[in-house]
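# Descriptive structure summary
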Amino acid sequence: MRAVIGDSVEIELPEGHDKGVIGQIYERGTSFVRRDPADRTTHQVLAANFDLVVIAEPLVQLNRKRLERELVLAHETGADVAIVLTKADLAQDPTEVRAVRDEVAGLAGRDVRVLVMSASDAPSVEAVRALVADSGTAILIGKSGVGKSTLVNVLAGEQVQDVGEVREHDGKGRHTTVDRVMVDLPGGGCVVDMPGVRGLGLWDADVGLGAAFADVEAFAQECRFRDCKHVDEPGCAVRAAVQSGELSQLRLDSYRSLAAEVEQVRARRDEARHLRGEKASDRKKRKR
Ligand code: GDP
Ligand code: ZN
């Protein structure tokens, strides 16, 4: 087990050594977990013990599918969740800003604060600052280029993160480190930018899926079968809601595809565990 940003650890300083070693990692309160991009049967913890996940998405050319996935991952952590719609200055007019904000608020549900900001608009930055100050420790997620580093810098009031274009072909910025740092903010709270997080594969995400798709799951309560997949089962209340216009087809499609991903990950992981188990018992047999 490796320590991640936010972990509380016990340090041991061996006799005669000038460097400490991590002896123990204390149990984590919240943690941000994704599927390991290099090995689909395991997972990675990227940050721990934070109070709030701030999802940054650009207000213009918002990627709804990505936002829905980020909401599932964020809710799964157990922390509070907020969305910051960045670069609002690029919107055509206030009508566009309101329309996107309202759509996102509808999609995110009641428990998620949605803030609109642009780096040059001080009041909008102050609103984000107040949110972080009220929460404690916030982690900042979002695609590279959405303005996370810029936001951290304006919140900190100084240049703490490099801002720049990210080379699309390898995802590396002009700076080569993807170190995660905790930045204390004047006014309280601290924020952790998470650069270099590109893949957002789901891992265990039943809780997150339920929270991010509370609207779908509310209808699902009324389905005839408890394990209804809302595909072609009779008495499906979710599809009935789509028929009657209470739920959008796009929303159901997103839900189904993310739910299928969670199922697939579970199946793959169980299979991998099963294989490892068999190998372990093979080894035991050989020893005997
Ligand atoms: P990161 O990859 O998420 O950390 O994004 P950066 O902070 O590096 O920003 C990417 C680009 O967007 C940079 O060119 C920024 O100058 C620009 N940017 C960031 N915030 C804003 C904003 O509020 N408005 C506008 N118009 N551009 C912004
Ligand atoms: Zn159903």
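Shown above is the structure to which this text applies.
Residues numbered from 1 in each chain as written. Chains lettered and ligands numbered in written order. Predicted model: local features only at pLDDT ≥ 70, side-chain atom pairs only at ≥ 80, totals over all residues. Heavy atoms only, no water.

Turning our attention to the overall build of the chain. Of the regular secondary structure elements, the chain holds eight helices and 10 strands. The burial tally for the chain puts 40% of its 288 residues in the buried class. At a minimum sequence separation of 6, the contacts of the chain that also span at least 24 residues come to 61%. (Helix = DSSP H or I, 4+ residues; strand = E, 2+ residues; numbered from the N terminus. Buried < 20%, exposed > 50% of the residue type's maximum accessible area, 1.4 Å probe, protein only. Contact = heavy atoms within 4.5 Å.)

Here the focus is the sheet that holds strand S9 (residues 182–184). Strand order in the open sheet formed by six strands is S7-S6-S5-S8-S10-S9, and the pairing between neighbours is mixed. Here the strands that pair on one side only, and so sit at the sheet edges, are strand S7 (113–116) and S9. Going across the sheet, the axis of each strand differs from the next one's by a mean of 25°, ignoring polarity. Pairing between S9 and strand S10 (residues 190–193): three bridges, direction antiparallel. When the bridges of S10 are listed, Asp-184 appears paired with Cys-190. (Pairing = 2+ DSSP bridges. Axes fitted to C-alpha atoms, helices over the stretch in contact; angles between N-to-C directions.)

Once that is clear, we can look at the coordination of the zinc ion (ligand 2). For a metal bound by four donors in tetrahedral geometry, the ideal donor-metal-donor angle is 109.5 degrees, whereas six donors in octahedral geometry ideally sit at 90 or 180 degrees. The protein atoms that coordinate the zinc ion (ligand 2) are Cys-223 (SG), Cys-228 (SG), His-230 (ND1) and Cys-236 (SG), at distances of 2.1 to 2.4 Å. On the primary sequence, the residues serving as donors to the zinc ion (ligand 2) are separated as C-x4-C-x1-H-x5-C. Residues Cys-228 and Cys-236 agree in their burial class; the two are buried. (Donors = N, O, S within 2.8 Å, 3.2 Å for Na, K, Ca; no water.)

Before going further, it helps to examine the packing of helix H3 (residues 122–135) against helix H4 (residues 148–156). Contact geometry of H3 with H4 gives a least axis separation of 10 Å together with a crossing angle of 85°. Put simply, H3 runs roughly perpendicular to H4. Within the contact between the two elements, H3 uses Val-125, Val-128 and Arg-129 and H4 uses Leu-151, Val-154 and Leu-155. Its residues assigned to classes, the contact of H3 with H4 shows five nonpolar, no polar and one charged. (Parallel < 35°, antiparallel > 145°, perpendicular 65-115°, else oblique. Nonpolar A, V, L, I, M, F, W, Y, C, P; charged D, E, K, R; others polar.)

Time to look at the site of ligand 1. Among the 15 residues in the neighbourhood of ligand 1, the closest are listed as Asp-89, Ala-119, Gly-145, Ser-149 and Thr-150. The side chain of Asp-89 places a nitrogen or oxygen atom 2.8 Å from a nitrogen atom of ligand 1. Gly-145 is positioned with one of its backbone polar atoms (N or O) 2.6 Å from an oxygen atom of ligand 1. In the complex, the protein chains occlude 76% of the 580 Å² of accessible area that ligand 1 would expose alone. In the shell around ligand 1, the residues fall into four nonpolar, seven polar and four charged. (Near = heavy atom within 4 Å. Polar contact = N/O pair within 3.5 Å; in protein donor to acceptor, adjacent residues only side chain to side chain. Areas by Shrake-Rupley, 256 points an atom, 1.4 Å probe, with all protein chains shown as cover.)

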